[in-house]
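Next come the chains, spelled out residue by residue.
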Amino acid sequence: MVNPLVTSESAGRRPDIKAPVQETLLTPRFYTTDFDAVAQMDLSTQQAELEAVLAELRADYNRHHFVRNQEFEQCWEHIDGETRRAFIDFLERSCTSEFSGFLLFKELSRKLKHRNPILSEAFSLLARDEARHAGFLNKAMADFGLSLDLGYLTKNRTYTFFPPEWVVYTVYLSEKIGYWRYILVYRHLEQHPENRFYPLFRYFESWCQDENRHGDFFKVLLRSQPKLWTTWQARLWARFFLLTVFATHTLTVLERATFYQSIGIDPHAYNEQVIRKTNETAVRAFPSVLNTDHPEFFARLERCAIANQKLAEISSNQPPPVIRFCQKLPWIAAIGWQLLRLYLLPSINAEQSRTAIH
């Protein structure tokens, strides 16, 4: 398949193909699922909501948004050193994540075309948006003399199987946390335009609305399946996926602290705000959410981040494999222990919270 997302030349020369980052726990994953099970999903209880979300997706409000303007047409060599490295890392991981979503949604659309036309159309529209995002990010990388070979990624990345239920939980959360990540950066740079060192940030407001609409679609899928929000197992799974996404976000943000500092954002405060807002949003879909106000909550996440930094230091020193394993084991255990303690903290009944709000 010819990949339409590989970047074109930038600043008069073809960008170098960047080698993909080494896969770690924080590297964006590529997923596949049980397509037959998805095709058989009964959405009848959420028909009105599904039609409303589909109307939003069909409207394609951002069809003309992701077009590079003249502000991009300049040399970016003045962005150098640690800021350049951190920004390229942000672009690469974001591009990989968006492209991963494109591949999953495109395959879902293809597999469901003759079995569930409504879902097939919805996933096709989601894939359209993810492709735009990935392509736009890859063109931004080309401004810095690099690009990702997305065709290579398609064929050579390891694909992880997730049951449809896991896909619904995780994609809902990834889209909603994506909304808060982008909108908070956008609002910050509106107030501090002197820190907006690259025009990509101007696109974040409309970008995050795509994330929000995608999350709304997966909320429809979640609420259409009673076993995902009415059972005691659903409450446990909801807490598990919330904690997984929040821990991953914490480790990623603090690992990229230099990037956020380069645009004038305190990474610790930003991480807390994104998690709190996402947790509040999840009340509308999940049966149970985490208590982010608990005094241990962010302290334990920060300890996970410290342990993750120790793991990175060990890897960078490249000791022999046996020694590396022995050095890493205590820090891996420390992360596992902190996450277990967080999981066992009392949670919040989202159903009761929704009732109180209304």
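Scroll up to find the structure this text is about.
Keep in mind the model is a prediction, meaning the values are calculated, not measured.

A. Representation of the overall build of the protein chain within the structure. Scanning the protein chain from N- to C-terminus turns up 13 helices and 6 strands. C-alpha atoms of the protein chain, sized along the principal axes, occupy 55 × 50 × 45 Å. Across the 358 residues of the protein chain, 52% fall into the buried class. Counting only contacts in the protein chain whose residues sit at least 6 apart along the sequence, the fraction spanning at least 24 positions is 83%. Of the accessible surface of the protein chain, which amounts to about 17,100 Å², a share of 54% is contributed by carbon and sulfur atoms. Positive and negative side-chain charges of the protein chain, numbering 42 and 41 respectively, have mean locations separated by a distance of 3 Å.

B. Quick peek at the packing of helix α4 (residues 117-142) against helix α7 (residues 204-224). Relative orientation of the contacting elements α4 and α7 amounts to 150°, with a least axis distance of 11 Å. Taken together, the axes of α4 and α7 are roughly antiparallel relative to one another. In terms of crossing hand, the pair formed by α4 and α7 is left-handed. Residues L119, A122, F123, L126, D129, E130, H133, F136 and L137 of α4 form the contact with α7, whose participating residues are W207, D210, E211, H214, F217, F218 and L221. For the contact of α4 with α7, the residue count by class is 10 nonpolar, 2 polar and 4 charged.

C. Region of the structure containing α7. Taking 1.5 Å of rise per residue, 21 residues should cover 30 Å, and α7 covers 30 Å from first to last C-alpha, within 8% of that figure. By the criterion of burial, α7 is predominantly enclosed, with 15 of the 21 residues buried.

D. Representation of α4 in the model. Taking 1.5 Å as the rise per residue, α4 with 26 residues should run 38 Å; its terminal C-alpha atoms sit 37 Å apart, in good agreement. In terms of burial, α4 is a largely internal element, 19 of the 26 residues being buried.

E. Main features of the packing of aromatic side chains. Under the criterion given, the structure shown has 44 aromatic pairs. With 5.8 Å between their ring centres and 75° between their planes, F30 and Y159 make a pair best called edge-to-face. Taken together, the positions of F30 in strand β2 (residues 30-32) and Y159 in strand β4 (residues 159-161) put the pair 129 residues apart, joining distant regions of the chain. Look at Y159 and you get partly exposed, because its relative accessible area is 35%. Taking the ring centre of W229 as reference, the NZ or CZ of R223 above it sits at 3.6 Å. Between R239 and the ring centre of Y343, over which it is positioned, the NZ or CZ distance is 4.8 Å.

F. Quick peek at unusual backbone geometry. In the Ramachandran plot, D60 falls in the positive-phi region, its phi being about 50° despite a non-glycine side chain. Its location among the elements puts D60 in the loop between α2 (47-59) and α3 (81-112). Note on D60: relative accessible area 9%, which makes it buried. Phi is positive for Q318, close to 50°, though the residue is something other than glycine. By the element assignment, Q318 lies in the loop between α11 (297-317) and α12 (321-343). Q318 gets classed as exposed once you look at its relative accessible area, which sits at 65%.

Reading the values: the criteria
- Residues numbered from 1 in each chain as written.
- Predicted model: local features only at pLDDT ≥ 70, side-chain atom pairs only at ≥ 80, totals over all residues.
- Heavy atoms only, no water.
- Helix = DSSP H or I, 4+ residues; strand = E, 2+ residues; numbered from the N terminus.
- Buried < 20%, exposed > 50% of the residue type's maximum accessible area, 1.4 Å probe, protein only.
- Contact = heavy atoms within 4.5 Å.
- Areas by Shrake-Rupley, 256 points an atom, 1.4 Å probe, with all protein chains shown as cover.
- Lys, Arg positive; Asp, Glu negative; His and termini not counted.
- Charge placed at Lys NZ, Arg CZ, Asp CG, Glu CD.
- Axes fitted to C-alpha atoms, helices over the stretch in contact; angles between N-to-C directions.
- Parallel < 35°, antiparallel > 145°, perpendicular 65-115°, else oblique.
- Left-handed = near helix turned anticlockwise from the far one by under 90°.
- Nonpolar A, V, L, I, M, F, W, Y, C, P; charged D, E, K, R; others polar.
- Expected span 1.5 Å × (residues − 1).
- Phe/Tyr/Trp six-rings, centres within 6.5 Å; stacked < 30°, edge-to-face > 60°.
- Lys NZ or Arg CZ within 6 Å of the ring centre and 35° of its normal.

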